[in-house]
Amino acid sequence: SARSVAVDFAEATTTDGQEVDSKPTFFWYNSVNGNSQHEDPYPQEHKDEEGNIFFVDPEDPSHTFWHNEKPEKYAWVKHTATEGEHAGSSYYSNSVSQEVVWEVPESLAWKKMSAHNVFFYNQVTGASQRERPAEMGFLDENHNRTYWVGEDGETTWQSEHWWTAVPSKEDPEQVYYYNEVTGETQWELPASMGWFLWHEEL
């Protein structure tokens with residue numbers, strides 16, 4: 001499912017403190033832990049004077065390693081199953097730990113995302129669009145409340161799209177959804193709450 005990606009794009013500056021005209025055009029987003037950053041999260045390939053390939057650890061530039069000496073974190077390889085009920089599905093193996101998993105390892109979950117090309121995606125309906133969906137409403141920062149704009153252009157605090165997630169009394173970790181206007185309740189996530197701002201993957 002799509003997730004909202006929030007990144008603070010600070011003004012870029014040079015080492016002497018001079019402002020750069022352009023802001024970053026992309027960033028990296030991790031679909032497993034939800035983190036985002038501008039620095040490339042993958043080990044960078046280099047060659048020594050003899051042409052031997054080595055890598056620089058992105059988390060610790062002072063740490064380098066040869067291709068056949070990758071730390072466990074970077075030793076994951078993606079494969080595609082060719083037989084059985086999972087044929088065509090991806091799985092991952094680690095050459096150091098010998099572990100095999102179906103879930104994407106955190107170190108392989110980084111995606112390069114556009115900083116400027118964004119759209120709204122609804123994880124309930126699968127719909128997507130460039131314009132902010134009307135049913136999402138808008139935040140009034142002065143009142144810290146959401147308001148909606150009707151088809152007639154009038155603003156209102158009340159809307160059929162006003163749903164609230166409520167913890168279940170039997171199991172507080174499980175929530176149901178209550179419509180503040182109609183009084184309706186349901187267990188499924190309402191479509192109007194399914195919208196997220198998403199950046200295009202590069």
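Here the structure is a predicted model, which means the values were calculated and not measured.

A.B. asks: Describe unusual backbone geometry, naming the residues involved and giving the relevant values.
C.D. replies: With a phi close to 65°, Gln-98 is a non-glycine residue in the positive phi region. Within the element layout of this structure, Gln-98 appears in the loop between strand 7 (90–94) and strand 8 (100–101). What makes Gln-98 exposed here is its relative accessible area of 60%. Even without glycine at this site, Asn-144 takes up a positive phi of about 55°. Position of Asn-144 relative to the elements: it lies in the loop between strand 11 (138–140) and strand 12 (145–149).

A.B. asks: Could you give me a rundown of the pattern of salt bridges, with the residues and numbers involved?
C.D. replies: Tallying each qualifying case throughout the model produces 2 salt bridges. Close ionic contact of Lys-73 with Glu-59 constitutes a salt bridge, the shortest N to O distance being 2.2 Å. With a gap of 14 residues between them, Lys-73 in the loop between strand 5 (64–66) and strand 6 (76–80) and Glu-59 in the loop between strand 4 (53–56) and strand 5 connect regions that are remote in the sequence. A relative accessible area of 38% places Lys-73 in the partly exposed class. Where Arg-130 meets Glu-200, a salt bridge forms, and the shortest distance between an N and an O atom there is 2.5 Å. Here Arg-130, found in the loop between strand 10 (128–129) and strand 11, pairs with Glu-200, found in strand 17 (residues 195–201); they are 70 residues apart in sequence, far enough to count as distant. Note on Glu-200: relative accessible area 25%, which makes it partly exposed.

A.B. asks: Explain the sheet that holds strand 13 (residues 155–156) to me, and be specific about the residues and the numbers.
C.D. replies: What the 3 strands build is an open sheet, ordered 11-12-13; its pairing is antiparallel. The outermost strands of the open sheet, each flanked by one partner alone, are strand 11 and strand 13. Bridge count between strand 11 and strand 12: 3 bridges; the pairing is antiparallel. Counterpart to Leu-139 in the pairing with strand 12 is Thr-146.

A.B. asks: Summarise the pairing of strand 12; cite the residues concerned and give the values.
C.D. replies: Following strand 11, the chain reverses through 4 residues before pairing antiparallel with strand 12; Asn-144 in that reversal takes a positive phi of roughly 55°. As judged from the 2 bridges shared by strand 12 and strand 13, these two strands associate in the antiparallel manner. Within strand 13, the residue paired with Val-149 across the bridge is Thr-155. Once strand 12 ends, the chain turns through 5 residues before running back antiparallel as strand 13, passing Gly-153 with a positive phi of about 85°.

A.B. asks: I'd like to hear about the confidence of the model for the protein, residue by residue, with values.
C.D. replies: This prediction gives the protein a mean pLDDT of 87; 89% of its residues lie at or above 70. The secondary-structure element of the protein with the lowest mean pLDDT is strand 17, recorded at 89, while strand 7 shows the highest, at 97.

A.B. asks: I'd like to hear about the packing of aromatic side chains, residue by residue, with values.
C.D. replies: Enumeration according to the criterion identifies 10 aromatic pairs in this entry. Ring centres of Tyr-29 and Trp-198 lie 5.5 Å apart, and the angle between their planes is 90°; on these two criteria the pair is classed as edge-to-face. Of this pair, Tyr-29 sits in strand 1 (residues 26–30) while Trp-198 sits in strand 17, and the two are 169 residues apart along the sequence. With respect to class, Tyr-29 is no different from Trp-198; both count as buried. Between Tyr-176 and Trp-187, the aromatic rings sit 5.8 Å apart at their centres with planes inclined by 70°, giving edge-to-face as the arrangement. Residue Tyr-176 is found in strand 15 (residues 175–179), and its partner Trp-187 is found in the loop between strand 16 (185–186) and strand 17; the two are separated by 11 residues along the sequence. Given a relative accessible area of 27%, Tyr-176 falls into the partly exposed group.

A.B. asks: Account for the side chain of Asn-30, with residues named and values stated.
C.D. replies: Inspection of the secondary structure puts Asn-30 in strand 1. For Asn-30, the side chain forms a polar contact with the main-chain nitrogen of Val-32, separated by 2.9 Å. A polar contact is formed between the side chain of Asn-30 and the backbone nitrogen of Asn-33, at a distance of 3.1 Å. Aside from chain neighbours lying at most four places away, what touches Asn-30 is Asn-35, Glu-106, Ala-109 and Trp-110.

Calculation rules
Residues numbered from 1 in each chain as written. Predicted model: local features only at pLDDT ≥ 70, side-chain atom pairs only at ≥ 80, totals over all residues. Heavy atoms only, no water. Helix = DSSP H or I, 4+ residues; strand = E, 2+ residues; numbered from the N terminus. Buried < 20%, exposed > 50% of the residue type's maximum accessible area, 1.4 Å probe, protein only. Salt bridge = Lys/Arg side-chain N within 4 Å of Asp/Glu carboxyl O. Pairing = 2+ DSSP bridges. pLDDT = per-residue confidence, 0-100. Phe/Tyr/Trp six-rings, centres within 6.5 Å; stacked < 30°, edge-to-face > 60°. Polar contact = N/O pair within 3.5 Å; in protein donor to acceptor, adjacent residues only side chain to side chain. Contact = heavy atoms within 4.5 Å.

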